[in-house]
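Residues per chain, in single letters:
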Amino acid sequence: MALLVLTACGGAMVINPEKNAVDFTIEGGEEKVDVKADGTWNVKECPEWVTAEIQDSILVIKTARNETGAVREGDIVLAGKGQVQAAIKVTQAAKCTRINPETDKVEFEKEGGTQTVKIDTDGSPQVEAPEGFTATYAGGVLTINAPSNEGGGKSGEIKLTSDDQSATIAVTQKGNICPKCNGTGKVKCSKCHGRGKVSYGGDAEWGCTKCGGRGYYGEGMEYGDYIVKGSGKMKCPQCGGSGH
Ligand SMILES: [Zn+2]
Ligand SMILES: [Zn+2]
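Residues numbered from 1 in each chain as written. Chains lettered and ligands numbered in written order. Predicted model: local features only at pLDDT ≥ 70, side-chain atom pairs only at ≥ 80, totals over all residues. Heavy atoms only, no water.

Counting residues in hydrophobic clusters, the biggest one holds 17 residues, and the most contacted among them are I15, L59, I61, I76, L78 and I88. For this core, the secondary structure elements donating two or more residues are β2 (21-24), β3 (29-37), β6 (58-63), β7 (72-79) and β8 (85-92). The element that contributes the greatest number of residues to this core is β8, accounting for 3 residues. When sequence neighbours within four positions are dropped, the list of residues in contact with I88 reads P17, K19, N20, A21, V22, V33, L59, I61, G74, D75, I76 and L78. One finds C96, F108, A135 and A167 within the second-largest nonpolar core, a separate group that totals 16 residues. (Core = buried A, V, L, I, M, F, W, Y, C linked by side-chain atoms within 4.5 Å. Buried < 20%, exposed > 50% of the residue type's maximum accessible area, 1.4 Å probe, protein only. Helix = DSSP H or I, 4+ residues; strand = E, 2+ residues; numbered from the N terminus. Contact = heavy atoms within 4.5 Å.)

Here it is, written out as structure tokens:
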């Protein structure tokens, strides 16, 4: 019985928070710190812009949005028996100073799906996603969704902005590919068979008008002056040039 009373009423001789520093963004929020101690402890000091609440062995630290325009910091001091103390430094950003995605490129298969990208930031980024994708940010993670893609390949940029910081992530999704042009939208010109010029025997040649060429070359003429070769390629007749 005596031991029980001692444990219940005795101040801690050892107070050991799992971390000694907690950072908040400008938006503030809540952080929980597990405190290991061999007896009771309490919050002796706390900055006025911080609330610290004890829930069993957990210290719940809360801050509101930092409207001061400056970074603020202070210590929460936990006290046990006598002079036994432990401090947790609390810092709150004045504005976002960094947005660092762990990757700047995300690729989806044709089937689509969900992918996440860790974002190292001290802000609360606003997210803009290109058409055909959705993206949301919460708690240091960007979640990107792409539905199944029945059209051609898609690509765009996701933009993250917070205060004067920004970052972009390139996002692409594979799509259906036209088998005739292999997705390029172009096939060999049917008139010149890719040569860009046509000839009808002898030295006489014409720039292929079907694929953008022009001009005529014949006997006694300087070749380069009169003939402009075509590209040798034309719009894919199967997909109309879309590639899918
Ligand atoms: Zn041609
Ligand atoms: Zn095609």
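So much for the structure itself; the text now carries on.
In this section: the coordination of the zinc ion (ligand 1). Only C189 (SG), C192 (SG), C208 (SG) and C211 (SG) from the protein reach the zinc ion (ligand 1) as donors, at distances of 2.2 to 2.3 Å. Taken together, the 4 donor atoms coordinating the zinc ion (ligand 1) and their angles of 103 to 118° define a geometry best described as tetrahedral. Site description for the zinc ion (ligand 1): donor spacing in sequence, C-x2-C-x15-C-x2-C. Taken together, the positions of C192 in the loop between β17 (186-188) and β18 (197-199) and C211 in the loop between β19 (205-207) and β20 (214-217) put the pair 19 residues apart, joining distant regions of the chain. (Donors = N, O, S within 2.8 Å, 3.2 Å for Na, K, Ca; no water. Tetrahedral: all angles 85-135°; square planar, octahedral: opposite > 155°, others 65-115°.)

This part covers the coordination of the zinc ion (ligand 2). Note on the zinc ion (ligand 2): its protein donors are C178 (SG), C181 (SG), C236 (SG) and C239 (SG). The metal-donor distances range over 2.2 to 2.4 Å. Around the zinc ion (ligand 2), the 4 donor atoms are arranged such that angles at the metal cover 103 to 116°; this shape is classified as tetrahedral. Site description for the zinc ion (ligand 2): donor spacing in sequence, C-x2-C-x54-C-x2-C. Placement of the pair is C181 in the loop between β16 (165-173) and β17 and C239 in the segment after β22 (233-235), with a sequence separation of 58 residues. Here the two residues C181 and C239 agree in accessibility, since each one is buried.

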